[in-house]
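This is what each chain is made of:
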Amino acid sequence: MNQNISSRDDYEEHYTLSTTEPEKYWAQIAKSYDWKKEPQKIIQGDFNDLEIKWFEDGQLNITYNCLDRHLEKRGNKTAVMWEGNSPDDEHLSYTYNELHREVCRFANVLKDQGIKKWDRVVFYMSMVPELLTGVLACARIGAVHSVVFGGFSAQALAGRIQDCEAKLVVTNDEAYRGAKTIGLKEITDEALKSCTTVDKVLVRKRTHASHVNYDSTRDLDLLELLSQADDQCEPEWMNAEDPLFILYTSGSTGTPKGLLHTTGGYMVWAGQTFKNVFQMEEDDIYWCTADIGWITGHSYIAYGPLINGASSVIFEGIPTYPDAGRFWEIVEKYKITHFYTAPTAIRALQACDLKFVKDHDLSSLKVLGSVGEPINEEAWQWYHKEIGNEKCPIVDTWWQTETGGFMISPMAGITECIPSYATYPQPGILPQLVDNEGVQLEDKTAEGNLCITQPWPGMARTIWGNHERYRQTYFTTYPGKYFTGDGAKRDEKSRYRITGRVDDVMNISGHRIGTAEVEEAINEHPFVVESAVVGYPHDIKGQGIYAYINLNEGAEIELDKLKTEINEFIIKVIGPIAKPDQVQIVSGLPKTRSGKIMRRILRKVASKDVSNLGDISTLLNPEVVDEIKKGAGL
Ligand code: PRX
């Protein structure tokens, strides 16, 4: 078997071997990586025992694979180019040699602060280079990183810090985000009031604002410490199943879950999937527009490209600042060949004047990618025509925080790309569609709930501190299978099309938000008795948030005032990304006789599709349905 997949036949060969003889397949694939001790045990555990281990007796350091092993051949090759929020910002660039030194420096700073193997470090930063070098520095010394997206609130940040019992937080004084600045340090200070485990805060000054407060016993200037640190640091050799990072994500119930990814399997998965799907050549330039605060940034800004020795751009800003041509200006400036973004950004830019695209030379582009939510056909066609000049394959990559890396996706130039289809599974992935009773849909063309039936190297191993919740969340709906929470269709050529979440998780601009979390925040308002939140189709965001709110009897408040106050609660509890787009006041919520809210009806009303509401006679309060329809103007 050829280690690289460079033809359709290679794909078939890899896929067949990976599913019929997984031990043999992964033992061979593992040889493309550098191990301190090569693994002999390849796969252990299954979806019943949930004691899943990959490459268990292997020893490695993932940063050795991202950095050290490239130094001989690619030491002077560009690893990362940094583009700041404003086009006028200083441009920074790091070769593999330089990035290696920066990561070592940061690793030594962490060590000096007493951070050891397995300690947790939380990053709450904008996309400055130190976010990248910081997570790699943790991995260098065996500390566990947990990055919290800079749009989350103090309360959300505190919850994550407490849950993983972080010892140290790394933040910015302030972050630039388009024309705005966000007071990350101030939010961190607020969060830390309720956290007892954090000893030190490293502050990477970005705006140097004088109004930012510093606590001389706790806060340290990161850039100053880095400038004094030694630039060599031996990697800590980790066991393959040692933790690498925790990343929090929303589910249908409860507080966000800290998914734990481990070292060896994740490295192989990030490395393989990046290589196979993007098919980059040595001189290509890659740009993923995500934030490192999400899984996309972990696997396909930080680890995947570096494991493969690629040159990438990382970007601090937003697509529309200073104007809607910014993405295309960056593509032209760096001669990007591989461009990877989210459908919500594509739709937002598609809605702008085409001149913003036409003003730029995009002829360097070879491959386009899409991630985070289903891409609608119109956006796909625009991306293909206006950005890709009809010559670039679009890899529509379906995967999740839980999966660590791509699960179903075309491989550029190798398997076909068709609008709205993620197409074929990656080697090692066995998808299965089941009906609501869990019965496998065996017909070639089918539509159902998407499950995966065998473990793969990159899967999250547990929910930090709560293995039982991990079992309950993913493996009990359809026993013995991993349930993704997504629905999918399969066509006559066995290609998969993801239709979206079938559980109570919303996907707002590609951000995953649980309905329960938003409801909890709304319910904090003293006038609110109860609320129900659903997603509905939104032209730009993919899904918007629609909130139905039942107020206390006698509560007198104008809708606009209520909306403003509700938003304040949501910004406080979660962050601005979870603000509802629509709020409707109702006198009750449709409930089953057992008291469960019938979200199906609420979803239909929110999407203005009430032609078939199904049987409502079993509701406890069927009369409320007409009122809700009327209130929505239907
Ligand atoms: O519903 C699917 C959607 O995003 C969910 C995972 O969200 P998160 O864990 O935040 O990871 C996002 C980045 C991988 C999935 O359950 N999703 C992700 N990619 C696609 C997608 N839906 C359709 N097509 C995709 N390509």
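Only a predicted model underlies this, so the values are computations on that prediction, with no experimental measurement involved. (Residues numbered from 1 in each chain as written. Predicted model: local features only at pLDDT ≥ 70, side-chain atom pairs only at ≥ 80, totals over all residues. Heavy atoms only, no water.)

Asker: Looking at this structure, how should I read the environment of Ala-521?
Answerer: Mapped onto the secondary structure, Ala-521 falls in helix 16 (residues 515-523). You can call Ala-521 buried: its relative accessible area is 0%. When the C-alpha atoms of Ala-521 and Val-573 are compared, they prove to be 6.0 Å apart, with 52 residues separating the residues in sequence. Those residues in contact with Ala-521 that sit more than four places away from it in its chain are Phe-569, Ile-570 and Val-573. (Helix = DSSP H or I, 4+ residues; strand = E, 2+ residues; numbered from the N terminus. Buried < 20%, exposed > 50% of the residue type's maximum accessible area, 1.4 Å probe, protein only. Contact = heavy atoms within 4.5 Å.)

Asker: Explanation requested: the pairing of strand 6 (residues 120-124) in the structure shown.
Answerer: Every other side chain in a regular strand lies on the same face of the sheet, so the side chains alternate between the two faces. Here strand 6 lies mainly inside the structure; five of its five residues are buried. Every second residue of strand 6 is oriented toward a common face, with Arg-120, Val-122 and Tyr-124 on one face and Val-121 and Phe-123 on the other, all of them buried. Between the parallel pair strand 6 and strand 7 (residues 144-147), the chain is carried across by helix 5 (residues 129-141), and the sense of this crossover is right-handed. (Right-handed = clockwise from strand over helix to strand, strands pointing away.)

Asker: Honestly, the sheet that holds strand 17 (residues 311-315) in this entry has me stumped. Any pointers?
Answerer: Hydrogen bonding along the main chain pairs the strands of a sheet, whether they run parallel or antiparallel. Here we have seven strands laid out as an open sheet, ordered 5-4-17-16-18-19-20, and mixed in their pairing. A strand with exactly one partner marks an edge of an open sheet, and here the two such strands are strand 5 (92-95) and strand 20 (394-397). Geometrically, the sheet is characterised by an average inter-axis angle of 15° between neighbouring strands, direction not taken into account. Relative to strand 20, strand 19 (residues 367-371) runs parallel, the two being bridged by four bridges. Its bridge partner lying in strand 20, Leu-368 is registered against Ile-394. With respect to the sheet, helix 9 (residues 263-278) is in contact with strand 16 (285-288), strand 18 (338-341), strand 19 and strand 20, its orientation differing from that of strand 20 by roughly 145°. Packing against the sheet, helix 10 (residues 295-307) makes contact with strand 4 (78-83), strand 16, strand 17, strand 18 and strand 19, and its axis sits at approximately 165° to strand 16. (Pairing = 2+ DSSP bridges. Axes fitted to C-alpha atoms, helices over the stretch in contact; angles between N-to-C directions.)

Asker: Please clarify how helix 15 (residues 467-475) should be interpreted in this entry.
Answerer: Residues spaced three or four apart along an α-helix face the same direction, because each turn holds 3.6 residues. Within helix 15, the full set of buried residues consists of Tyr-470, Tyr-474 and Phe-475. Buried residues of helix 15, viewed axially, fall in a sector of 70°; they line one side. Along its buried surface, helix 15 packs onto strand 15 (257-262), strand 23 (462-463) and strand 24 (482-490). (Arc of directions from axis to C-beta.)

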